[in-house]
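# Structural features, examined
Here's the letter readout for the chains.
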Amino acid sequence: MVTNQTEPVPLDDPYRADCPTRHLLDRIGDRWTMLVVGILSEGDSRFSHLRRRVEGVSQKMLTQTLRGLERDGLVRRTVYPEVPVRVEYALTDAGRTLCEPLRALQEWAITHAVDVAAAQAAYDYSH
């Protein structure tokens, strides 16, 4: 008799499509996530404030991003029973641990933006 046992999925191989770590990297590597976390690192925020600060994000994408971050335990959504209802978003403790690595990526991008643009122009010119 052959039993069909599934092997546990390793948590440390993001190169495998079924690795939970890969899904988490997809979430935190998303451009909207990085920007939303950056804004929320400054303090709690309402949806309308996030929408104004993150230029180019649609209402639908911001909603999806916030829901995903909430589902992953990185953002907390608080509804205040007022008229009209007030909703605020804040980073959880886990979400706050993302601030330093994301800030380092932002600083890298600022530092190297001119070099990358020059490389792109040279590549485009040669192709």
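First, a word on what this report is: a plain description of the structure on this page. (Residues numbered from 1 in each chain as written. Predicted model: local features only at pLDDT ≥ 70, side-chain atom pairs only at ≥ 80, totals over all residues. Heavy atoms only, no water.)

### Concerning the packing of aromatic side chains
We describe a pair of aromatic rings using the distance from one ring centre to the other and the angle between the two ring planes. In plain terms, the rule: Centres within 6.5 Å make a pair out of two Phe, Tyr or Trp rings, where for Trp the six-membered ring is used; the pair is then stacked when the planes are under 30 degrees apart, edge-to-face when over 60, and tilted otherwise. Here, a charge over a ring is recorded when the distance from Lys NZ or Arg CZ to the ring centre is within 6 Å and its angle to the ring normal is within 35 degrees.
Applying the stated criterion to the full structure yields zero aromatic pairs. When the ring centre of Tyr 80 is taken as reference, the NZ or CZ atom of Arg 86 above it lies at 3.9 Å.

### Description of helix α4 (residues 59–71)
What sets the pattern is the α-helix's 3.6 residues per turn: residues three or four places apart point alike. Convention followed: A run of H or I in DSSP counts as a helix once it spans at least four residues, and a run of E counts as a strand once it spans at least two, with each numbered from the N terminus. Each helix should span, by expectation, one fewer than its residue count multiplied by 1.5 Å. Relative accessibility thresholds used throughout: buried, under 20% of the residue-type maximum; exposed, over 50%; partly exposed, between the two (1.4 Å probe, protein chains only). This arc corresponds to the set of directions leading from the helix axis out to the C-beta atoms.
Between its first and last C-alpha, α4 extends 18 Å over 13 residues, near the 18 Å set by a 1.5 Å rise per residue. Every buried residue of α4 is accounted for by Leu 62, Thr 65, Leu 66, Gly 68 and Leu 69. The arc enclosing the buried residues of α4, seen along the axis, measures out at 160°, which places them on a common side. α4 presents Lys 60, Arg 67 and Arg 71 as exposed residues on the side facing more than 90 degrees away from its buried surface.

### Considering the pairing of strand β2 (residues 75–80)
Selection criterion: Strand pairing follows a simple DSSP-based rule, namely that at least 2 bridges must link the two strands.
Pairing between β2 and strand β3 (residues 86–91): six bridges, direction antiparallel. Bridging across to β3, Arg 76 finds its partner in Ala 90.

### So, the packing of helix α1 (residues 20–29) against helix α2 (residues 31–40)
If you want to describe how two helices pack, look at the angle between their axes and the distance between the axes. The test is simple: Axis angles are defined between N-to-C directions and span 0 to 180 degrees, where every axis is a line fitted to C-alpha atoms and, for a helix, only to the segment in contact. Contact definition: two residues touch when any of their heavy atoms are within 4.5 Å. Nonpolar residues are Ala, Val, Leu, Ile, Met, Phe, Trp, Tyr, Cys and Pro. Charged residues are Asp, Glu, Lys and Arg, and all others, Gly as well, are polar.
In the contact formed by α1 and α2, the axes pass within 5 Å of each other and the chain directions differ by 65°. Here α1 contributes Arg 27, Ile 28 and Gly 29 to the contact with α2, which in turn contributes Arg 31, Thr 33 and Met 34. For the contact of α1 with α2, the per-class residue count stands at two nonpolar, two polar and two charged.

### Overview of helix α6 (residues 99–126)
So the rule is basically this: One axis is fitted to the seven residues ending at the residue and one to the seven starting there. The bend at that residue is the angle between these axes.
For α6, spanning 28 residues, the distance from its first C-alpha to its last is 38 Å, which sits close to the expected 40 Å at 1.5 Å a residue. A bend of about 55° at His 112 is the largest found in α6.

### Re the packing of α2 against α4
Formally: For classification, angles of less than 35 degrees are called roughly parallel, those exceeding 145 degrees roughly antiparallel, those between 65 and 115 degrees roughly perpendicular, and all remaining angles oblique.
For the pair α2 and α4, interaxial distance at closest approach is 10 Å and the crossing angle is 75°. As the angle between them shows, α2 and α4 are arranged roughly perpendicular. Contacts between α2 and α4 involve Trp 32, Thr 33, Val 36 and Val 37 from the first element and Met 61, Leu 62, Thr 65, Leu 66 and Leu 69 from the second. Taken together, the residues of the contact of α2 with α4 break down into seven nonpolar, two polar and no charged.

### What about the pattern of salt bridges?
Applied cut-off: For this document, the term salt bridge refers to a Lys or Arg side-chain nitrogen within 4 Å of an Asp or Glu carboxyl oxygen.
If you walk through the whole model with that rule in mind, you get six salt bridges. Here Asp 18 ties to Arg 16 by a salt bridge, and the two come within 2.9 Å at their closest N and O atoms. The residue Asp 72 makes a salt bridge to Arg 27 at a minimum N-O spacing of 2.7 Å. Linking Asp 72 in the loop between α4 and β2 with Arg 27 in helix α1, this pair joins segments that are 45 residues apart in sequence. Residues participating in the shared-partner salt-bridge network are Glu 82, Arg 86 and Glu 88.

### Brief notes about the sheet that holds β2
The antiparallel open sheet is built from three strands, whose spatial order is β1-β3-β2. Each of the sheet's edge strands pairs with one partner strand only, and the pair in question is β1 (45–46) and β2. Across two bridges, the pairing between β1 and β3 is antiparallel. Looking across to β3, one finds that Ser 45 is bridged to Tyr 89.

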